[in-house]
Amino acid sequence: MPRKKIVAGNWKMNLDRAKARELAGAVAARSGEAAGVELVLCPPALYLDAVGAALAAAKSNVGLGGQNMHDKASGAFTGEVAPPMLLDLGCTYVILGHSERRTLFGETDAIVNAKTKAALAAGLTPIVCVGETLEEREGGRTDAVVTTQVRGSLAGLSPADLEKVVIAYEPVWAIGTGKVATPQQAQEVHALIRSLLGSLASSEVAGKIRIQYGGSVKPDNAADLASQPDIDGALVGGASLKADDFLGIAKAFR
Ligand code: PGA
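Structural notes, computed from the coordinates. (Residues numbered from 1 in each chain as written. Predicted model: local features only at pLDDT ≥ 70, side-chain atom pairs only at ≥ 80, totals over all residues. Heavy atoms only, no water.)

A closer look at the overall build of the protein chain
Moving on, step 1. When helices and strands are counted, the protein chain shows 12 helices and 8 strands.
Moving on, step 2. In summary, the protein chain has a C-alpha radius of gyration of 17 Å against a globular reference of 18 Å for 254 residues, a match within 12%.
Moving on, step 3. By residue count, 51% of the 254 residues in the protein chain fall in the buried class.
Moving on, step 4. Once local pairs closer than 6 in sequence are excluded, the contacts in the protein chain between residues at least 24 apart make up 73%. (Helix = DSSP H or I, 4+ residues; strand = E, 2+ residues; numbered from the N terminus. Rg over C-alpha atoms; globule rule 2.2 N^0.38 Å. Buried < 20%, exposed > 50% of the residue type's maximum accessible area, 1.4 Å probe, protein only. Contact = heavy atoms within 4.5 Å.)

Observations regarding the site of the ligand
Moving on, step 1. K12, H98, E170, G176 and S216 are the nearest of the 13 residues found near the ligand.
Moving on, step 2. In the environment of the ligand, an oxygen atom lies 2.7 Å from a nitrogen or oxygen atom belonging to the side chain of K12.
Moving on, step 3. Contact distances for the ligand include 2.7 Å between an oxygen atom and a backbone N or O atom of S216.
Moving on, step 4. Burial of the ligand by the surrounding chains reaches 97%, relative to a free accessible area of 280 Å².
Moving on, step 5. Along the lines of polarity and charge, the residues of the shell around the ligand split into 4 nonpolar, 7 polar and 2 charged. (Near = heavy atom within 4 Å. Polar contact = N/O pair within 3.5 Å; in protein donor to acceptor, adjacent residues only side chain to side chain. Areas by Shrake-Rupley, 256 points an atom, 1.4 Å probe, with all protein chains shown as cover. Nonpolar A, V, L, I, M, F, W, Y, C, P; charged D, E, K, R; others polar.)

A word on the packing of aromatic side chains
Moving on, step 1. Considering all chains together, one arrives at 1 aromatic pair under this definition.
Moving on, step 2. Looking at R101, its charged tip hangs above the ring of F105, at a distance of 4.2 Å from the centre. (Phe/Tyr/Trp six-rings, centres within 6.5 Å; stacked < 30°, edge-to-face > 60°. Lys NZ or Arg CZ within 6 Å of the ring centre and 35° of its normal.)

Describing the pattern of salt bridges
Charged atoms that come close allow side chains of opposite charge to pair.
Moving on, step 1. Applying the stated criterion across every chain yields a total of 18 salt bridges.
Moving on, step 2. Between D232 and R194 there is a salt bridge whose closest N-O contact spans 2.8 Å. In this pair, D232 is assigned in the loop between α11 (219-226) and β8 (233-236) and R194 in helix α9 (residues 183-200), connecting sequence segments 38 residues apart. An identical accessibility class is assigned to D232 and R194; each is buried.
Moving on, step 3. In this structure, a network of salt bridges that share partners links the residues R3, R194, D230 and D232. (Salt bridge = Lys/Arg side-chain N within 4 Å of Asp/Glu carboxyl O.)

Brief notes about α9
Moving on, step 1. Between its first and last C-alpha atoms α9 spans 25 Å; for 18 residues at 1.5 Å apiece the expected length is 26 Å, and the two agree.
Moving on, step 2. Taken together, the buried positions of α9 are occupied by P183, A186, Q187, V189, H190, I193, R194, L196, L197 and G198. (Expected span 1.5 Å × (residues − 1).)

A closer look at the side chain of Q149
Moving on, step 1. Relative to the helices and strands, Q149 resides in helix α7 (residues 142-153).
Moving on, step 2. Of the residues examined, Q149 reaches a relative accessible area of 11% and is grouped as buried.
Moving on, step 3. Setting aside residues up to four positions removed in sequence, Q149 forms contacts with R102, D109, V130 and G131.

Structure, rendered in structure tokens:
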């Protein structure tokens, strides 16, 4: 079975409620243009409800995802969002360990691991992000850094749980910079991640796990990335804020 491609839009801390609704409606109405590709929208947490309603009203099968969550189901954690709350709003996905969470909010592999386990236990599909900084790449440490992040973020997961996870390889130097990894650079790391997943579970399980690329993906570079054997979709930031661009990228993965 070929892996179903998955293209997710990470809206980050952008838009307002009306614009979020409008963008969701536009993506839903045109989702048929990317038939066969799984589409997921990850709006700011406060707009999940409105976006979920817009997707439902359009009767689309575009999925909904959170951008982050806490690993506990409830409790005294001021300002946090719990896994059951995401489920309650209709989410099926949650982005975890995004590089902005790691670098700006101090998330370690151990934290990402706890959240990944909590997401799976709650029935959410985690999109677990990994990727090296420019300094790490230039220092020849890409493989070591990505290996440590994958091992640490996915530690202790059963093969059955690993199979459900989506990985996003996002080189930090490519995020929001307009500097996209070449298809070859991305493919090399994706192949490394897949072989690592093979050693954590089995090559059969690794062959089922979807690995997205993220970092300045645009409609005009998506096709080259999509042509690589181990690139199974994209996690899109800036370009996901325009329906045309987001769908243009998704179409490249058909
Ligand atoms: P970008 O962001 O597409 O704006 O580079 C990607 C991401 O952070 O997921």
